[in-house]
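The residues making up each chain are set out below.
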Amino acid sequence: MAQTKVIALTGNQAAAEAMRQINFDVAAVYPISPQTELMGFFAEYVANGEVDTEMIAVDGEHSAMATCIGAAAAGARTITASAGPGIAYMVENLYVASGMRVPMVLLDVNRALSAPLSIHCDHADSMLTRDTGWISIFSENAQEAYHNIIMSVKISEKAMFPIIVNYDGYIVSHSIEDVEILDDETVRDFVGPSDIHRIPYPLLDTDKPVTYGATAQPDYYTECKYQQHVDFLKVYDVVREVFDEFAQIIGKRYDFIEEYKTEDAEYIGISMGSSFGTLKDAVDRLREQGKKVGAIKIRLYRPFPVKEIAQALSKAKGVVVLDRADSFDGIGGPLFKDIASALLATENNPFVHNFIYGLGGREIHEEEFMRAFDRLERLEKGIETRENFVEYLQVRE
Amino acid sequence: MSTATGKDLREIRWHGRGGQGTVTAAKMLASAAIIRGKHGQAMPEFGLERSGTPVKVSTRISDHIINTRAPVDHPEIVIITDPSLMFTIKDIIKSGTDENTVFIVNTNFPPDKVRKILDIPNNELWIVDASKIALEEFGRNIPNTAVLGAVAKATGIVDLDALKQEITEAFEASSKLRALLPQNLKALERGYEEVYKAD
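Residues numbered from 1 in each chain as written. Chains lettered and ligands numbered in written order. Predicted model: local features only at pLDDT ≥ 70, side-chain atom pairs only at ≥ 80, totals over all residues.

### Thoughts on the overall build of chain B
Link 1 in the chain: Helix and strand counts for chain B come out as eight helices and seven strands.
Link 2 in the chain: In summary, chain B has a C-alpha radius of gyration of 16 Å against a globular reference of 16 Å for 199 residues, a match within 12%.
Link 3 in the chain: Taken over the C-alpha atoms alone, chain B extends approximately 45 × 40 × 35 Å along its principal axes.
Link 4 in the chain: Evaluated residue by residue, chain B yields a buried proportion of 49% over its 199 residues. (Helix = DSSP H or I, 4+ residues; strand = E, 2+ residues; numbered from the N terminus. Rg over C-alpha atoms; globule rule 2.2 N^0.38 Å. Buried ≥ 20, exposed ≤ 12 C-beta atoms within 10 Å, placed from the backbone.)

### Thoughts on the overall build of chain A
Link 1 in the chain: Per the secondary structure count, chain A includes 13 helices and 15 strands.
Link 2 in the chain: Relative to its length of 397 residues, chain A is compact, with a C-alpha radius of gyration of 21 Å against a globular reference of 21 Å.
Link 3 in the chain: Oriented by its inertia axes, the alpha-carbon framework of chain A measures out at about 70 × 55 × 45 Å.
Link 4 in the chain: The burial tally for chain A puts 53% of its 397 residues in the buried class.
Link 5 in the chain: For chain A, long-range pairs separated by at least 24 residues make up 81% of all intrachain contacts whose partners lie at least 6 apart in sequence. (Contact = placed C-beta atoms within 7 Å.)

### Some details on the sheet that holds strand β12 (residues 300-302) of chain A
Residues and elements named next belong to chain A.
Link 1 in the chain: The seven strands are arranged β3-β2-β4-β5-β7-β6-β12 in an open sheet whose pairing can be described as mixed. This sheet does not close on itself; its edge strands, each paired only once, are β3 (54-57) and β12. Averaged over all pairs of adjacent strands, the angle between strand axes in this sheet comes to 20°, irrespective of strand direction.
Link 2 in the chain: Pairing geometry for strand β5 (residues 105-110) and strand β7 (residues 163-168), over six bridges, is parallel. By the bridge assignment, V109 is partnered in β7 with Y167. (Pairing = 2+ DSSP bridges. Axes fitted to C-alpha atoms, helices over the stretch in contact; angles between N-to-C directions.)

### Observations concerning helix α8 (residues 181-194) of chain B
Residue and element names in this part refer to chain B.
Link 1 in the chain: For α8, which comprises 14 residues, the first-to-last C-alpha distance of 20 Å matches the rise-based estimate of 20 Å (1.5 Å per residue) to within 8%.
Link 2 in the chain: Buried residues of α8: N184, A187, L188, R190 and G191, and no others.
Link 3 in the chain: Tucked into the core, α8 has its buried residues touching β6 (125-128), α5 (130-138), α6 (144-155) and α7 (160-172). (Expected span 1.5 Å × (residues − 1).)

### Description of the pairing of strand β2 (residues 26-29) of chain A
Residues and elements named next belong to chain A.
Link 1 in the chain: Taking every second residue as pointing to the same face, both faces of β2 are buried, with V26 and A28 on one and A27 and V29 on the other.
Link 2 in the chain: Pairing analysis gives three bridges linking β2 to strand β4 (residues 78-82), with the strands arranged parallel. The residue of β4 that forms the bridge with V26 is T78.
Link 3 in the chain: With four bridges joining them, β2 and β3 adopt parallel strand pairing. Residue V29 lies in a different strand from β3, and its bridge partner there is A57.
Link 4 in the chain: Where the polypeptide runs from β2 across helix α2 (residues 36-47) and back to β3, its parallel neighbour, the crossover connection is right-handed. (Right-handed = clockwise from strand over helix to strand, strands pointing away.)

### Concerning the packing of helix α1 (residues 11-22) of chain A against α2 of chain A
Residues and elements named next belong to chain A.
Link 1 in the chain: Interaxial distance between α1 and α2 falls to 8 Å at its minimum, and their mutual angle equals 40°. In terms of axis orientation, α1 runs oblique to α2. Considering how the two elements wind past one another, α1 and α2 form a crossing that is right-handed. Within the contact between the two elements, α1 uses N12, Q13, A15, A16, M19 and R20 and α2 uses E37, L38, F41, F42 and Y45.
Link 2 in the chain: Grouping the constituent residues of the contact of α1 with α2 by class yields seven nonpolar, two polar and two charged. (Parallel < 35°, antiparallel > 145°, perpendicular 65-115°, else oblique. Left-handed = near helix turned anticlockwise from the far one by under 90°. Nonpolar A, V, L, I, M, F, W, Y, C, P; charged D, E, K, R; others polar.)

### Concerning the confidence of the model for chain B
Link 1 in the chain: Across chain B, the average pLDDT comes to 93, with 94% of residues at or above 70.
Link 2 in the chain: For this predicted complex, the interface confidence comes out at an ipTM of 0.92, alongside a pTM of 0.96. (pLDDT = per-residue confidence, 0-100.)

### A word on the domain arrangement of chain A
Residue and element names in this part refer to chain A.
Link 1 in the chain: The domains assigned to chain A are domain 1 (4-250) and domain 2 (257-392).
Link 2 in the chain: On the domain 2 side, the residues contacting the 27 residues of domain 1 number 19 residues.
Link 3 in the chain: The greatest single-element share of the side of domain 1 that touches domain 2, amounting to four residues, is contributed by strand β6 (residues 135-139).
Link 4 in the chain: The residue makeup of the side of domain 1 that touches domain 2, split by class, is 16 nonpolar, seven polar and four charged. (Domains from an automatic or database assignment.)

### Some points on the packing of α5 of chain B against α6 of chain B
Residue and element names in this part refer to chain B.
Link 1 in the chain: It is the contact of α5 with α6, at a shortest axis distance of 8 Å, that shows an interaxial angle of 130°. Classified by the angle their axes make, α5 and α6 are oblique. Where α5 crosses over α6, the two elements pack in a sense that is right-handed. Side by side, α5 and α6 meet where A130, I133 and A134 of the first sit next to A146, V147 and A150 of the second.
Link 2 in the chain: Here the contact of α5 with α6 is built from residues that sort into six nonpolar, no polar and no charged.

### Examining the interface of chain B and chain A
Link 1 in the chain: Listed per partner, the contact involves 17 residues of chain B and 20 residues of chain A.
Link 2 in the chain: Contributions of two or more residues to the side of chain B that touches chain A are made by α1 (22-35) and β2 (39-45) of chain B.
Link 3 in the chain: For the side of chain B that touches chain A, the element with the most residues is β2 of chain B, which contributes six residues.
Link 4 in the chain: Broken down by class, the residue content of the side of chain B that touches chain A amounts to eight nonpolar, six polar and three charged.

### Description of the sheet that holds β2 of chain B
Link 1 in the chain: Strand order in this open sheet of nine strands is β1(A)-β8(A)-β2(B)-β3(B)-β1(B)-β4(B)-β5(B)-β6(B)-β7(B), and the pairing throughout is mixed. Edge positions in the open sheet fall to β1 (4-10) of chain A together with β7 (196-197) of chain B, since each of these has one partner strand only.
Link 2 in the chain: As paired elements, β1 of chain A and strand β8 (residues 176-182) of chain A share seven bridges and run antiparallel to each other. Counterpart to L9 of chain A in the pairing with β8 of chain A is E177 of chain A.

Written out as structure tokens, the structure reads:
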């Protein structure tokens, strides 16, 4: 077990601390709330000479990702961060990064998308990245953001896929909490030295020249995508290995999902990010009333933990999926469709309902989650009926 | 793992105006508790980030892990760092409070007037003229450190030494604030000494 100290940090401060300890080779930076402050903190470390990072100020998020792709292909340990519309502007290049198989870290300080303009938290930005071939991990709080960033470097480099670490804008990024920080040496030992040969085909290895980003005609494009597809399925094992290794350091093991009081639960709520703590408190209050309820948090979002979800829901009567983004597609939120798909992997056929909540920073209270469970139970028992799979949890009509 | 509920959980809500250090004070209170080995949380509710607009911040302190990320709806303690808010957003300030809620107000009004404006005839009420302290000590109406001293005295939620340590670390880390550390430590102590409990 490593030396640790507990200090008060915001999510952005904790993320900057992880970046300092990892000592990235390259960071591309472009400001957007609520991420701006994060790179502001990190810029101080750069200015003070506490890191060796080449910090590159770019002219937009599309360029930020292009810069990172070049740096990562060269063999540099690379990071950038953004939020909301910045992620949207990056998306074209996110596909390039995963298709080229360059490892790097992207911090998404989750923010809503316009219009109307909102700088506040929801997961619409991250949902734009869900089909881009990036690994994606969600953090409940500053502690998890800090741990996830440290683990993400290793996951990305072992899997040879880029990775996104999500944490909720303002609710996590700008709130203070107690965070247990590892000592610098432990973090640097864990991620290992940044030699360009830690990845198989560094562009700067001039003895073995390679081409990145070539054209593929119809006779080979499918094979390239198939290789990407097959290798992405191997990410599960990589993440599991890195979680195991990190558990040796922090004395606590992270899993793809976190289950709370699900063992005997008839009704289970599922969420991602900062709302999970509030969901757990809602479960506790319903348990006091004798309701058999539980909760699941998705930590690893891409690749989606299909088997773990199917197992965790194998006895549930009803499931309520809590989406912090809408898909506007007549089906339901993005997480709802993921969960519905994962249920194909179990014989159990629970009743599944979907609520949209927390859009554009709308605060969420445990009473609202209790209401979501109540609606689920009434629907499952046939006391109430629904017109659609998806409903809004908090709305003034 | 046991989580924060019931009496162990201290829930505080701050009402101030942007630019007066209310968010910083709320964070410092949580940080000082964390220095003492407790769990702490401070969550600002950002509207438009502009000087002078009302700011609401939640602070939670507990011996156990704090799960919830909801804002504090039923505060045990309400802290008002800008007296003018008592007139403009009284309903927001009073929301979720009852006769057991403790109020700590930065004002030069006499207690009777505060009780009347807020309509809190029987609540525990503490008054501190933190703006006066701030103006006297460093010439700017940034009353947050004096208010923190008052909060320590009125609630015992954290001790004065933990706050001193937190303020010292925060000010010394900033090249802009470093020179103002002695004056702010003085303001903290004066807030602690000069706050009084209303009849």
